[in-house]
Amino acid sequence: VLLGESGGGLVQAGGSLRLSCVASGRTPSNYAMGWFRQAPGKDREFVTSISWKGQRTYYADSAKGRFTISRDNAKNTVLLKMNSLRPEDTAVYYCAARASDTDSYYNITNEYRYWGQGTQVTVSS
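How each quantity is defined
Residues numbered from 1 in each chain as written. Predicted model: local features only at pLDDT ≥ 70, side-chain atom pairs only at ≥ 80, totals over all residues. Heavy atoms only, no water. Helix = DSSP H or I, 4+ residues; strand = E, 2+ residues; numbered from the N terminus. Rg over C-alpha atoms; globule rule 2.2 N^0.38 Å. Buried < 20%, exposed > 50% of the residue type's maximum accessible area, 1.4 Å probe, protein only. Contact = heavy atoms within 4.5 Å. Areas by Shrake-Rupley, 256 points an atom, 1.4 Å probe, with all protein chains shown as cover. Lys, Arg positive; Asp, Glu negative; His and termini not counted. Charge placed at Lys NZ, Arg CZ, Asp CG, Glu CD. Pairing = 2+ DSSP bridges. Axes fitted to C-alpha atoms, helices over the stretch in contact; angles between N-to-C directions. Core = buried A, V, L, I, M, F, W, Y, C linked by side-chain atoms within 4.5 Å. Salt bridge = Lys/Arg side-chain N within 4 Å of Asp/Glu carboxyl O.

**Student:** Please clarify how the overall build of the protein should be interpreted in this entry.
**Tutor:** Across its full length, the protein carries 0 helices and 11 strands. Ordered by position from the N terminus, the helices and strands of the protein form the series β-β-β-β-β-β-β-β-β-β-β. A compact globule built from 125 residues would reach a C-alpha radius of gyration of about 14 Å, and the protein, at 13 Å, matches this within 12%. Projecting the C-alpha coordinates of the protein onto the three principal axes gives extents of approximately 40 × 25 × 25 Å. For the protein, with 125 residues in total, the buried portion stands at 43%. Nonlocal contacts in the protein, meaning residues at least 24 apart in sequence, comprise 60% of its contacts between residues at least 6 apart. Only carbon and sulfur atoms are counted for the fraction: they give 44% of the accessible area of the protein, which is about 6,600 Å². In the protein, 15 positive and 10 negative side-chain charges are present, and the distance between their average locations comes to 4 Å.

Printed below as a string of structure tokens:
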């Protein structure tokens, strides 16, 4: 499974960005998706996750009310819409995927098997 992120960039505080992640290759029949981020000098941290059917989502406190995750299984795509961006949101954002027999989300880094290369998001103050 290959994951490819896009949509990162430089934005001013208060602005918005939409990240996309496309899965290709031998994708599992059912797979949960997640977004993580890693700022310089910090550990990779969970941002949000969505279940296979898209019916269940989960957000880190830092993302609640500002970020929205969605998916289009017909296009093997997951989106992350980020509003009201803050300088502390600056990080490399990674898309992740894992097979799931249930319609569950996952918020732990090592629960995911597949990872993208990341896309840089920089929020200026």
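Structure shown, so let's carry the discussion forward.
**Student:** In this structure, what is going on with the sheet that holds strand S8 (residues 77–82)? I would like to understand it.
**Tutor:** Strand order in the open sheet formed by 4 strands is S1-S3-S8-S7, and the pairing between neighbours is antiparallel. Edge positions in the open sheet fall to strand S1 (2–6) and strand S7 (67–72), since each of these has one partner strand only. Taken pair by pair, the neighbouring strands of this sheet meet at an average axis angle of 15°, ignoring direction. Inspection of the sheet shows strand S3 (residues 17–24) paired to S8 by 6 bridges, in the antiparallel sense. Its bridge partner lying in S8, Leu 19 is registered against Leu 80.

**Student:** Could you clarify how one ought to interpret the nonpolar core in this entry?
**Tutor:** The nonpolar side chains of a soluble globular protein tend to be buried, and buried together. Leu 3, Met 33, Trp 35, Phe 67, Val 78, Met 82 and Tyr 93 are the most contacted members of the largest nonpolar core, which has 28 residues in total. When residues of this core are traced back to their parent elements, those giving at least two are S3, strand S4 (31–38), strand S5 (45–50), S7, S8, strand S9 (91–99) and strand S11 (119–124). Those residues within four positions of Met 82 in sequence are excluded, and the remaining contacts are Gly 15, Ser 16, Leu 17, Leu 19, Arg 66, Phe 67, Tyr 93 and Val 121. Counting residues in hydrophobic clusters, the runner-up holds 7 residues, among them Ala 60, Ala 96, Tyr 106 and Tyr 112.

**Student:** Just to check I follow, could you spell out the pattern of salt bridges for this structure?
**Tutor:** Side chains that differ in sign of charge can pair as their charged atoms come close. Using the criterion set out here, one finds 4 salt bridges in the structure. For the salt bridge of Asp 89 with Arg 37, the shortest nitrogen-to-oxygen distance reads 2.9 Å. Of the two residues, Asp 89 sits in the loop between S8 and S9 while Arg 37 sits in strand S4, which places them 52 residues apart along the sequence. Residue classification places Arg 37 among the buried residues on the basis of a relative accessible area of 6%. Between Arg 66 and Asp 89 there is a salt bridge whose closest N-O contact spans 2.7 Å. With Arg 66 in the loop between strand S6 (57–59) and S7 and Asp 89 in the loop between S8 and S9, this residue pair connects regions lying 23 residues apart in the sequence. One network of salt bridges, in which partners are shared, links Arg 37, Glu 45, Arg 66 and Asp 89.

Any functional reading would require information that these geometric values do not contain.
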